[in-house]
There are 2 protein chains.
Amino acid sequence: MPDKMNSAALLDQIAFDAAGLVPAIAQQHDSGEVLMMAWMNREAVAETLATGRVCYYSRGRAALWRKGESSGQTQRLIELRIDCDGDTLLLLVDQTGVACHTGRRDCFFRAARADGWREVADVTIDPKRLYGGQHPGSAAGHGGHSG
Amino acid sequence: MPDKMNSAALLDQIAFDAAGLVPAIAQQHDSGEVLMMAWMNREAVAETLATGRVCYYSRGRAALWRKGESSGQTQRLIELRIDCDGDTLLLLVDQTGVACHTGRRDCFFRAARADGWREVADVTIDPKRLYGGQHPGSAAGHGGHSG
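Analysis parameters
- Residues numbered from 1 in each chain as written.
- Chains lettered and ligands numbered in written order.
- Predicted model: local features only at pLDDT ≥ 70, side-chain atom pairs only at ≥ 80, totals over all residues.
- Heavy atoms only, no water.
- Least-squares fit on C-alpha atoms with pLDDT ≥ 70 in both.
- Contact = heavy atoms within 4.5 Å.
- Salt bridge = Lys/Arg side-chain N within 4 Å of Asp/Glu carboxyl O.
- Buried < 20%, exposed > 50% of the residue type's maximum accessible area, 1.4 Å probe, protein only.
- Buried area = accessible area lost by both parts, 1.4 Å probe.
- Polar contact = N/O pair within 3.5 Å; in protein donor to acceptor, adjacent residues only side chain to side chain.
- Pairing = 2+ DSSP bridges.
- Helix = DSSP H or I, 4+ residues; strand = E, 2+ residues; numbered from the N terminus.
- Phe/Tyr/Trp six-rings, centres within 6.5 Å; stacked < 30°, edge-to-face > 60°.
- Lys NZ or Arg CZ within 6 Å of the ring centre and 35° of its normal.
- Arc of directions from axis to C-beta.
- Core = buried A, V, L, I, M, F, W, Y, C linked by side-chain atoms within 4.5 Å.
- Axes fitted to C-alpha atoms, helices over the stretch in contact; angles between N-to-C directions.

Chemist: Would you take a moment to explain the relation of the copies chain A and chain B for this structure?
Modeler: Turning one copy of the chain about an axis and sliding it along that axis gives the other copy, so a rotation and a shift relate them. With an RMSD of 0.0 Å, the fit of chain A onto chain B corresponds to turning through 180° and sliding 0.0 Å along the axis. Such a combination of rotation and displacement between the chain copies is what one expects of a two-fold axis. Measuring from the rotation axis to each C-alpha of chain A, the shortest distance belongs to A:Gly32, at 2.5 Å. Most of the interface of chain A is mirrored in chain B: 98% of its interface residues are interface residues there too.

In structure tokens form, the structure reads like this:
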């Protein structure tokens, strides 16, 4: 990211919804893996641009959610993109370790099969190693992405 | 996609929001390009699974939106995935032509730069060729993805 961002010029063109939120898709910048989808408010976007470390907004906790603050699985922002109608963000990131609280690389590890949803990706890091016990996301209800 | 899908078993595990919708990310299955993000209701997911052709729900028109019905730029479903907490879908698709109503391959063609949002992808199909005039999406307010 450039050193100095004119965040106001960027933020003013994001079409936040009635709740002040915008969906944000995180994609691994080099492999193209879609890692997760979460939400950001204006403050989360501003912080992400200022620090280069991805910060979401947890709807369950109604608070900023600095990705990796409890799990260590941070996301470094490589590039921020916005879609044609300004109401969805795409974050090209460099993901440390895994994006999912289950210890899988990404959150989209279940695929539709004739008999239901089936897991198609393995756990690569034991979730107990990520959180040392209770998953803070589950407890706080901010969704199942690694905290 | 398998010939016979037990759609009910799949649909019942999707966590639709209070409006009965779930965000759906479309990704080109082979290149990894994130093409667009739109919304689906239960009926749209069921139709997509049944036909193998992606159908969204247009919030602006409050109606099913069969991708490509006006533009010819259809999406064939290769695989449907769901995230860990069941409230976001990832559609691995084969996109015909372009996903965006602007004639660009994907909708995320603006990137954050120091002085604001800057276009980073070129138009590959003249939008007039897609719609022969007025973009039906713009007129109907279902967002800026190709209709």
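There's more to say after this.
Chemist: Please explain the pattern of salt bridges as it appears in this structure.
Modeler: Two side chains with opposite charge may pair up if their charged atoms get near one another. Tallied over the entire structure, the rule returns 20 salt bridges over all chains. Put simply, B:Glu69 and B:Arg61 hold a salt bridge, and the shortest N to O gap is 3.6 Å. Here B:Glu69 falls in the partly exposed class, since its relative accessible area comes to 43%. Residue classification places B:Arg61 among the partly exposed residues on the basis of a relative accessible area of 31%. Each of A:Glu79, A:Arg81 and B:Arg113 takes part in a single network of salt bridges with overlapping partners.

Chemist: What is the right way to look at the interface of chain A and chain B in this model?
Modeler: Where interface size is given, it is often the accessible area lost as the parts come together that is meant. Across the boundary between the two partners, chain A contributes 45 residues, which contact 44 residues of chain B. The contact between chain A and chain B buries some 3,700 Å² in all, and 64% of this surface belongs to carbon and sulfur atoms. For chain A, the biggest contributors to the area lost against chain B are A:Cys84, A:Phe108 and A:Trp117; these three give 20% of the whole. Linking chain A with chain B are four salt bridges, by the criterion used here. Two residues, B:Arg59 and A:Asp87, come together in a salt bridge whose shortest N-O distance is 3.8 Å. Viewed at the interface, chain B and chain A are joined by 14 residue pairs in polar contact (both at pLDDT 80 or more). Inspection of the sheet shows strand β7 (residues 110-113) of chain A paired to strand β5 (residues 75-82) of chain B by two bridges, in the antiparallel sense. Residue pairing in the sheet places A:Ala111 in a bridge with B:Arg81 of β5(B).

Chemist: Explain the packing of aromatic side chains here, please?
Modeler: Each aromatic ring pair is described using two quantities: the centre-to-centre distance and the angle formed by the ring planes. With the rule as written, the count across this model stands at two aromatic pairs over all chains. Geometrically, the ring pair formed by B:Tyr56 and B:Trp65 is tilted, given 5.3 Å between the ring centres and 45° between the ring planes. Residue B:Tyr56 shares its accessibility class with B:Trp65, and that shared class is buried. It is A:Arg104 that lies over the ring of A:Phe109; its NZ or CZ is 3.9 Å from the centre.

Chemist: How do you make sense of helix α2 (residues 42-51) of chain B when you look at a structure like this?
Modeler: In an α-helix there are 3.6 residues to a turn, and that puts residues three or four apart on one side. Residue and element names in this part refer to chain B. Ala44, Val45, Glu47, Thr48 and Leu49 are the residues of α2 that are buried. At its buried positions, α2 is contacted by α1 (7-11), β2 (34-40), β3 (55-58), β4 (63-66), β5 and β6 (89-95). Phi turns positive, to about 80°, at Gly52, one or two residues after α2.

Chemist: Honestly, helix α2 (residues 42-51) of chain A in this entry has me stumped. Any pointers?
Modeler: Residue and element names in this part refer to chain A. Within α2, the full set of buried residues consists of Ala44, Val45, Thr48 and Leu49. One side of α2 holds all its buried residues, which, seen down the axis, span an arc of 130°. In α2, the exposed positions that point more than 90 degrees away from the buried face belong to Glu43 and Ala50.

Chemist: Explain the nonpolar core here, please?
Modeler: Ranked by size, the top nonpolar core spans 82 residues in total, and within it A:Leu89 and B:Leu89 carry the most contacts. Ignoring anything within four residues of it in the chain, the contact list for A:Leu89 reads A:Ile14, A:Val22, A:Pro23, A:Ala24, A:Ile25, A:Met40, A:Val45, A:Leu80, A:Arg81, A:Ile82, B:Phe108 and B:Trp117.

Chemist: Looking at this model, I keep getting lost on the sheet that holds β2(B). Mind explaining?
Modeler: Pairing is mixed in the open sheet, where six strands are placed in the order β8(A)-β7(A)-β5(B)-β6(B)-β1(B)-β2(B). Strands at the two margins of the open sheet, each flanked by one partner only, are β8 (116-119) of chain A together with β2 of chain B. In this sheet, neighbouring strand axes are inclined to one another by 35° on average, regardless of whether the strands run parallel or antiparallel.

Chemist: Quick question: what am I supposed to make of the environment of A:Thr48 here?
Modeler: Residue and element names in this part refer to chain A. Here Thr48 lies in helix α2. You can call Thr48 buried: its relative accessible area is 2%. Non-local contacts of Thr48, meaning those with residues more than four positions away in its chain, are made with Met40, Arg53, Val54, Cys55 and Leu77. A polar side-chain atom of Thr48 sits 2.8 Å from the main-chain carbonyl oxygen of Ala44. Reaching out from Thr48, the side chain makes a polar contact with the backbone nitrogen of Cys55 at a distance of 2.9 Å.

Chemist: I tried to follow the environment of B:Ser58 on my own but got confused; where do I start?
Modeler: All names here are of chain B. Mapped onto the fold, Ser58 is located in strand β3. With relative accessibility at 1%, the residue Ser58 sits in the buried group. Residues Ser58 and Gly147 lie 89 residues apart in sequence; the distance between their C-alpha atoms is 9.9 Å.

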